[in-house]
Amino acid sequence: MTRHPWLRHRTRRLAPLALALATTLPAQAGVLAITNAKLHTVGGGTLDKATLLIRNDLIEAVGVGIAPPEGAKIVDVGGAAVTPGLFDAYTHLGLEEISGVDETRDDRGSNPRYSAALDVVDGLNPRSVLIPVQRIEGITQAMSAPSTGEGGPLLAGRGAVINLGQLSPEFFVARARAAQFLPLGEAAMGTVQGGRPTLLLALREAFEEARNGAPASVQRPALLGALDAAALRPVLNGEQPLVVDVHRAADIRALLKLAEDYGIKLVIHGGAEAHLLARELAERQVPVILDPTYNLPAHFEALAARSDSASLLYRAGVTLAFSAAGDQGGHNSRNIRQLAGNAVAHGLPWDAALAAITLNPAKIYGLDSTLGTLEAGKQASFVIWDGDDPLELGSYPRQVYAAGVAVPMTSRQTLLRDRYIKR
Amino acid sequence: MRPSLFAVAASLSLLLSLGACDKSEPKTGPYASTYAAPVAPALLITHATILTGAGRKLEDASLLVQDGKIVAVGNEVAPPPQVEILDAKGRWLTPGLIDAHSHLGVYPSPEIWATADGNELTDPVTPNVWSEHSVWPQDPGFEAARAGGITSLLILPGSGNLIGGRGTVFKNLPATSYQTMKFPGAPYSLKMACGENPKRVYGKEGKKAPATRMGNVAGYRAAFIKAQEYAAKHKDGGGEGRDLGMETLAGVLKGEILVQNHCYRADEMETMLDLAKEFEFKISTFHHAVEAYKIAGRLAEEGVCGALWADWWGFKLEAWDGIRENIAIVDAAVSKSGARGCAIVHSDDPYGIQRLNQEAAKAMAAGRRAGLVIRDEDAIAWITANPARAIGIGDQTGSLEPGKNADLVLWNGTPFSSYALADRVYIDGTLRYDRASRKAPDSDFALGLAPPEEALQAMPPPPPPPPAAPDSAAAPTEAAPAAAETQP
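Criteria and thresholds
Residues numbered from 1 in each chain as written. Chains lettered and ligands numbered in written order. Predicted model: local features only at pLDDT ≥ 70, side-chain atom pairs only at ≥ 80, totals over all residues. Heavy atoms only, no water. Pairing = 2+ DSSP bridges. Helix = DSSP H or I, 4+ residues; strand = E, 2+ residues; numbered from the N terminus. Axes fitted to C-alpha atoms, helices over the stretch in contact; angles between N-to-C directions. Salt bridge = Lys/Arg side-chain N within 4 Å of Asp/Glu carboxyl O. Buried < 20%, exposed > 50% of the residue type's maximum accessible area, 1.4 Å probe, protein only. 1 Å grid on protein atoms, 1.4 Å probe; cavity = no way out; pocket = protein on both sides within 12 Å on 5 of 7 lines; lining within 4 Å. Points joined across faces, edges and corners; volume = space filled by probe spheres on them. Parallel < 35°, antiparallel > 145°, perpendicular 65-115°, else oblique. Left-handed = near helix turned anticlockwise from the far one by under 90°. Contact = heavy atoms within 4.5 Å. Domains from an automatic or database assignment. Buried area = accessible area lost by both parts, 1.4 Å probe. Polar contact = N/O pair within 3.5 Å; in protein donor to acceptor, adjacent residues only side chain to side chain. Nonpolar A, V, L, I, M, F, W, Y, C, P; charged D, E, K, R; others polar. Core = buried A, V, L, I, M, F, W, Y, C linked by side-chain atoms within 4.5 Å.

Undergrad: What is the right way to read the sheet that holds strand S10 (residues 242-246) of chain A from this model?
TA: Across a sheet, strands are paired by hydrogen bonds formed along the backbone, either parallel or antiparallel in direction. Residue and element names in this part refer to chain A. Spatially, S6-S7-S8-S9-S10-S11-S12-S13 is the arrangement adopted by the 8 strands of the open sheet, whose pairing is mixed. Every interior strand has two partners, whereas the edge strands, strand S6 (86-91) and strand S13 (320-322), have only one. Recorded for the sheet is a direction-independent mean angle of 25° between the axes of neighbouring strands. Both strand S11 (residues 266-270) and strand S12 (residues 288-290) contribute to a ladder of 2 bridges, which runs parallel. When the bridges of S12 are listed, His269 appears paired with Ile289.

Okay, here's the thing in structure tokens:
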């Protein structure tokens with residue numbers, strides 16, 4: 001395993017200077033050239049024997065035949081694959097430590113109906129043991145979302161994109177309040193008495209009130225608190241995406257109508273039957289966050305689930321991101337590569353699968369100007385793999401970089417391993 | 001019409017006295033298997049990369065099937081007359097995969113109250129219940145697992161009880177009743193559970209014993225004390241007062257029913273090994289066992305298997321210490337007599353069971369990175385021969401050796417890949433899944449749920465990327481604070 005102690009050492013020495021220059025940027029200095037790499041740029045194709053040039057925390061240049069400047073630290077990776085850091089589009093990382101230990105759960109809201117103002121940043125824990133476990137396997141960003149359903153609020157609150165590199169408290173939160181979250185369908189049945197029409201009505205009532213203000217009448221008290229109403233305004237302005245847990249095609253159709261009526265920027269999460277509306281979703285530019293291995297009629301709202309849904313959605317032109325349905329806590333965000341590989345096995349082009357765990361989540365949360373590809377000007381968060389194909393199960397990160405810094409390739413799990421393994 | 005009590009008792013005592021493993025009388029006992037292997041044509045698979053499950057990897061090799069059994073495996077297999085020859089150049093052939101821990105049929109799709117039949121949570125000790133009486137053969141998960149190469153599986157009761165009941169081994173066949181799926185001659189298993197689940201279900205939620213881990217152990221001991229008394233009284237089929245639960249526990253004491261023990265923590269596994277010593281029975285396998293790597297040497301010494309996930313962890317405290325190398329470390333342990341550890345990749349999950357091969361691939365990769373020497377031909381045993389041994393069917397299936405059942409998976413390439421797909425799955429030499437031929441689902445429940453295939457296939461090729469969306473939609477009006485709020 002290649003490690004770069006020199007980089008960490010230099011970073012430490014130069015940190016005060018870097019901090020003085022830019023207090024909100026991670027401390028970092030120097031020029032790093034990753035040479036002889038197979039660069040999966042995402043969007044710009046795959047470049048063989050190419051160079052990735054990093055200055056401080058940013059990518060400065062990407063290409064073949066780039067001469068590293070004088071004094072650059074050169075890391076010849078011997079033809080290894082390099083990708084952007086991976087991005088899990090839906091987790092509770094930093095909010096949930098041990099699913100079965102209530103004391104470690106900060107992902108769940110308590111308001112029975114509306115909790116739109118909830119901001120996960122108030123509960124995010126950068127020292128979560130889960131974070132290094134994902135980070136050393138190439139996950140550099142994740143959406144940390146409030147839980148939806150399970151008897152929680154209908155409007156669940158606002159999630160944040162986190163940087164798993166967590167080089168500083170400022171760097172840890174990549175984008176606060178990046179999206180509002182909402183369950184619809186079976187998961188929401190426990191949050192509002194009644195069926196789907198009741199849920200939709202409850203949403204319309206909330207949206208009307210947020211848009212028009214609460215009625216000044218003692219006979220009809222306000223539904224929303226002032227903060228909840230304020231929190232919904234960016235959603236109704238189409239600035240902040242609304243991520244909806246929804247599977248059934250009919251529910252997605254109802255949501256498209258709701259989104260149209262209120263000018264909402266909609267994102268589908270779950271989407272077991274989204275492929276049945278692939279064209280409409282493509283036309284309306286509604287992205288889908290899905291688990292491509294979710295192929296069983298496990299719920300009555302997912303009866304048409306199938307293994308090739310990612311491929312069907314892609315062929316219709318839908319923007320896709322992948323996240324594991326059975327692991328919302330993010331304990332195994334590291335396995336999104338496997339999800340991507342399985343989507344490829346069922347017909348999705350390889351490049352599209354890589355984009356679904358890099359660029360597309362960044363797009364969904366409005367961070368694609370700084371994340372998601374290997375391009376000049378973007379944050380230097382990337383992974384050097386030990387194999388040719390990062391979507392293969394035998395491949396593993398040789399080294400992960402977060403904003404130009406080589407992260408320590410250890411986690412509590414590697415420490416446990418080293419304590420017990422007898423080689 | 002119910003059979004007379006006498007008839008049931010007589011056939012049960014026959015089963016017990018012959019031993020459940022007696023293959024000459026596979027259809028004795030109540031609720032007996034009605035499976036009869038269909039007549040299968042002879043088949044010669046040629047030019048395949050073969051992982052035998054018995055430690056060998058053969059390149060450009062052949063395998064001959066006759067009468068549902070494997071007849072020959074090797075580089076030089078002469079074709080008999082009138083044999084179908086399947087050229088498998090570029091493809092890999094493995095034994096049918098075996099899941100030692102499934103709840104298909106007892107926790108089927110759809111996952112609703114009406115179908116949740118896996119945990120008899122009315123008492124912490126229910127050795128009287130049999131999982132097979134809950135198995136719904138229409139669970140669409142069975143055929144999804146078949147497409148993933150699963151040919152046999154042990155369906156267990158859940159882990160809410162200290163002693164959860166009997167588990168049954170099935171062949172993964174389409175069926176209208178479970179008896180036609182029952183694996184002839186396979187022994188029953190007993191599900192036991194350590195740790196958090198029983199103490200949560202009863203102590204926390206039910207306000208009764210067990211409420212603690214010491215309560216758990218007291219519960220097992222009380223049950224086995226009773227079972228010892230029962231077994232002594234009912235020796236040789238005698239004694240009065242039949243007790244279903246005690247029959248099962250007496251079967252464990254006689255070594256006829258295999259103990260499958262859900263147990264996560266190393267210390268609790270050691271306690272369970274002591275329990276087994278106290279009552280003189282054997283634990284076949286610890287299931288889930290995320291801390292098995294901490295006691296891998298003892299497990300190898302005791303000849304106890306570990307049925308494990310490749311990487312699940314952290315969903316409760318007793319799963320907090322899971323590591324990727326768990327399976328590889330259990331596999332690498334060696335007993336004083338030189339026996340290798342018995343590592344198994346299990347699923348416990350209707351999605352995981354569809355790709356046990358991939359889970360094995362991850363576990364193998366983790367072990368190799370940690371410096372352990374693991375060959376493909378070793379790792380395949382984690383999902384074939386080792387689970388076959390753990391659930392008592394190792395003499396019939398789990399490896400590609402002459403005389404074994406022709407349970408086979410032909411893969412599109414190496415099975416240790418995220419791109420691996422089973423092209424063909426054979427059970428007893430009969431083709432039961434063929435990726436090349438689309439057909440209606442086997443499950444009645446799944447029938448007619450998906451739209452016509454043509455509607456989906458008629459979708460257009462991907463259009464050129466849409467023009468970039470306008471940078472911002474409507475400018476915020478009154479919401480200046482909110483707009484500021486959306487920035488990092």
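So that's the structure; there's more coming.
Undergrad: Explain the pattern of salt bridges to me, please; I cannot follow it from the model alone.
TA: Pairs may arise between side chains of opposite charge once their charged atoms sit close together. All names here are of chain B. Scanning the model with the defined rule gives 51 salt bridges over all chains in all. Two residues, Lys171 and Asp428, come together in a salt bridge whose shortest N-O distance is 2.8 Å. Here Lys171 is found in strand S8 (residues 163-171), whereas its partner Asp428 is found in the loop between strand S15 (422-427) and strand S16 (430-434), with 257 residues between them in sequence. Each member of the pair, Lys171 together with Asp428, is buried. Between Asp321 and Lys294 there is a salt bridge, and its shortest N-O distance comes to 2.7 Å. Placement of the pair is Asp321 in the loop between strand S12 (305-308) and helix H8 (326-332) and Lys294 in the loop between strand S11 (283-288) and helix H7 (296-302), with a sequence separation of 27 residues.

Undergrad: Sorry if this is basic, but what is going on with empty space enclosed by the protein here?
TA: Once rolled over the atoms, a probe with the size of a water molecule shows which space is left empty. Summed over the entire model, instances satisfying the criterion amount to 8 cavities of 30 Å³ or more. Estimated volume of the second largest cavity: approximately 110 Å³. A:Asn335, A:Arg337, A:Leu393, B:Arg324 and B:Lys362 are the residues nearest the centre of the second largest cavity, which is lined by 15 residues in total. Every element with two or more residues in the lining of the second largest cavity is listed here: helix H9 (336-345) of chain A together with helix H9 (356-369) of chain B.

Undergrad: Explain the packing of helix H4 (residues 196-212) of chain A against helix H6 (residues 249-262) of chain A to me, please; I cannot follow it from the model alone.
TA: Two quantities define a packed helix pair, namely the angle between the axes and the distance from one axis to the other. Residues and elements named next belong to chain A. Contact geometry of H4 with H6 gives a least axis separation of 12 Å together with a crossing angle of 15°. Put simply, H4 runs roughly parallel to H6. As for the relative orientation of H4 and H6, their crossing is right-handed in sense. Contacts between H4 and H6 involve Arg196, Leu200, Leu203, Arg204, Phe207, Glu208 and Arg211 from the former and Asp251, Ala254, Lys257, Leu258, Asp261 and Tyr262 from the latter.

Undergrad: Explain the domain arrangement of chain A here, please?
TA: Accessible area lost upon the coming together of the parts is a frequently used measure of interface size. Residues and elements named next belong to chain A. With domains assigned, chain A is organised as domain 1 (5-84 + 379-421) and domain 2 (86-364). Between domain 1 and domain 2, the C-alpha centre-to-centre distance is 30 Å. Taken together, the contacts link 31 residues of domain 1 with 28 residues of domain 2. Summing both sides of the interface, domain 1 and domain 2 together bury roughly 2,300 Å²; the carbon and sulfur share of this comes to 70%. It is Val42, Leu391 and Tyr396 that lose the most area in domain 1 upon contact with domain 2, and together they represent 25% of the buried surface on that side. Summed over the shared surface of domain 1 and domain 2, the number is 0 salt bridges. Applying the counting rule to domain 1 against domain 2 returns 6 residue pairs in polar contact (both at pLDDT 80 or more). Counting residues per element, the ones that place at least two in the side of domain 1 that touches domain 2 are strand S5 (81-84), strand S14 (382-385), strand S15 (397-402) and helix H12 (412-420). The element that contributes the greatest number of residues to the side of domain 1 that touches domain 2 is S15, accounting for 4 residues. Looking at the side of domain 1 that touches domain 2 residue by residue, the classes come out as 18 nonpolar, 10 polar and 3 charged.

Undergrad: What is the right way to read the sheet that holds strand S7 (residues 150-155) of chain B from this model?
TA: All names here are of chain B. The sheet built from 8 strands is open, its strands ordered S6-S7-S8-S9-S10-S11-S12-S13 with mixed pairing. Pairing within the sheet leaves two strands with one partner each, and these edge strands are strand S6 (97-102) and strand S13 (343-345). Across the sheet, the mean angle separating the axes of adjacent strands is 25° when strand polarity is ignored. Pairing analysis gives 4 bridges linking S6 to S7, with the strands arranged parallel. What sits directly across from Ile98, in S7, is Ser152. Contacts from helix H6 (residues 266-279) reach strand S9 (189-193), strand S10 (258-263) and S11, with the element oriented near 160° to S11.

Undergrad: How do you make sense of the nonpolar core when you look at a structure like this?
TA: The nonpolar side chains of a soluble globular protein tend to be buried, and buried together. Judged by nonpolar contacts, the single largest core of 94 residues is most densely connected at A:Phe207, A:Ile268, A:Leu281, A:Val288, A:Leu313, A:Leu320 and A:Phe322. Not counting chain neighbours up to four residues away, the residues in contact with A:Ile268 comprise A:Val244, A:Val246, A:Ile252, A:Leu255, A:Leu281, A:Val286, A:Pro287, A:Val288 and A:Ile289. In this structure, B:Ile150, B:Phe170, B:Ala333 and B:Ala360 belong to the second largest nonpolar core, which totals 84 residues.

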